[in-house]
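Working through the structure, step by step
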Amino acid sequence: MSDNVARVMSILGFLEWLSATSGSVALRESHYFFLAVLTVHVLTLSVFAGMAAIIDLRLLGLAMRQVPASQIVAQLVPWATGGFIVMVTSGSLLFYSAPLERSGNLFFRTKLVLLVLAGLNVFVFHKTVYGRVADWDIDRVPPASARLAGGVGLALWAGIIVLGRMMAYQDYWFDG
Amino acid sequence: MLAFFEFLEYAPLLVDMRSSAWLFPAIASVHLLGLAMLGGAVLVVDLRLLGFVLTRQPVAVVGRAAEPWLIASMLVMLPTGLLLFMCFATKYYYLTAFWVKVTCLLLALAFTFSIRRRIVMADDANATTRGAKLVAVVSLALWATIALGGRLIGFP
C-alpha cells in the first residue's frame, strides 16, 4: 500500500517537475507555437491514418484488390511511418505543454492503451501471417488472420482518432 | 447571406444540437475519421502520379481502386461538415479561412472529378508525364489548404 502510494507520488512528482520546466511553460504560454503544433498533429492524421487505412483495407480484401498485398505494404508503410513519426513528435510536444492535464485526461489514458494495442497488432501481423505473404500475395481476399489484423488495426486507429478528438471535452464532461 | 447563415445557425435542429453534450463532439469525430479516409484515397493516387508509390501499377488501376473510397469519404465529410458549419454559421461568416476553405473545396471537387479524373483514368501506360505531376501537385495543394482551413476555423 505505501509502496503504491510512493510510486504514484513519484510519477506525480515527475509530471509536476516536467510541467515546471521552462520548455513546458514556454510551450503552453506561446499561443501561436502551440496552435502550430496542434495543427501539424491533426493534419498529419490524414497522411498517417490515410495510409494505414489503405493498407488495412487491402488486408481486409476491400480495397486495391488487384495490387499484390506486399506491394501495398512495402510502398505505403514508409509514408505511414513518416506520418507516425510526425504524429508522435507533435503529440509528445502537446503532452509536454501540459503534463498534468494530459495525464489526468481519461480519453488520453484510453488512447495510450489503444496505441499500445495497435503497435502490438502491427508487430504480431509482421511476425506471423505477413511472413508467409508469398502464399497469399495476389489473393484478392487475404487469409483470415491477415483480415483480422486489418480489421483490428482499422478499429484501433479509428478509436485512437476519436479519443484524441474527445480529449478536448474532459473538463466539459467530467470536471465541469 | 448573413441572414441565411443566421437562419441556419438558429434552426431548431441546430439549437438542440448545440445544447447536446455529445452530439457536436461525435459529429466532429466522424468528420475526422472521414479526413483519414480522404487522406488515404487522395494521397495514394497523387503519390502514384508523382511516381513515389506503387510504380509497378498503372495509374488507372490505382485511381479506379481509390475512387470509391474518395467518394465514400466525401459522403462522410460533406454532411458532417455541413452540420458542424451550421453549429457556428455566423462565426464562420466573418472568418476569411472559412471562405478560403469553401472556395478551395468547390475547386477541388470540380478539379478532382474532371481534369484529374481524366488524367488518372486515361493513363494506362506506366509513364507519368509532367502534366500528370502538375495535376497531383494542384490536387495536394487544394486538399491541404482545405484541411488547414478546417483546422484554423476551429481556433478560438
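Here goes a summary of the coordinates provided.

Calculation criteria
- Residues numbered from 1 in each chain as written.
- Chains lettered and ligands numbered in written order.
- Predicted model: local features only at pLDDT ≥ 70, side-chain atom pairs only at ≥ 80, totals over all residues.
- Heavy atoms only, no water.
- Helix = DSSP H or I, 4+ residues; strand = E, 2+ residues; numbered from the N terminus.
- Contact = heavy atoms within 4.5 Å.
- Core = buried A, V, L, I, M, F, W, Y, C linked by side-chain atoms within 4.5 Å.
- Buried < 20%, exposed > 50% of the residue type's maximum accessible area, 1.4 Å probe, protein only.
- Phe/Tyr/Trp six-rings, centres within 6.5 Å; stacked < 30°, edge-to-face > 60°.

**Things to note about the environment of Pro142(A)**
Residues and elements named next belong to chain A. Tracing the sequence through the fold places Pro 142 in the loop between helix H7 (133-136) and helix H8 (144-166). Sequence separation between Pro 142 and Leu 59 is 83 residues, and the spatial gap between their C-alpha atoms is 6.0 Å. Setting aside chain neighbours within four positions, we find Pro 142 in contact with Arg 58, Leu 59, Leu 60, Gly 61, Trp 136 and Arg 147.

**Section: the nonpolar core**
A general feature of soluble globular proteins is that nonpolar side chains tend to end up buried together. Membership of the largest hydrophobic core comes to 87 residues, with the highest contact counts inside it found for Met64(A), Trp136(A) and Val44(B). With residues near it in sequence (within four places) discarded, Val44(B) still touches Met51(A), Ile54(A), Met64(A), Leu76(A), Val53(B), Leu54(B), Val62(B) and Ala66(B).

**Details of the packing of aromatic side chains**
Residues and elements named next belong to chain B. Going through the model one piece at a time under the given rule, you end up with 19 aromatic pairs over all chains. Relative to Phe 88, the ring of Phe 24 has its centre 5.5 Å away and its plane inclined at 80°; by these criteria the two rings are edge-to-face. Here Phe 24 is found in helix H3 (residues 23-49), whereas its partner Phe 88 is found in the loop between helix H4 (59-87) and helix H5 (89-93), with 64 residues between them in sequence. A residue is classified by how much of its surface remains accessible, and Phe 24, at 18% relative accessible area, is buried.

In short, shape yes, function no, at least from these values alone.
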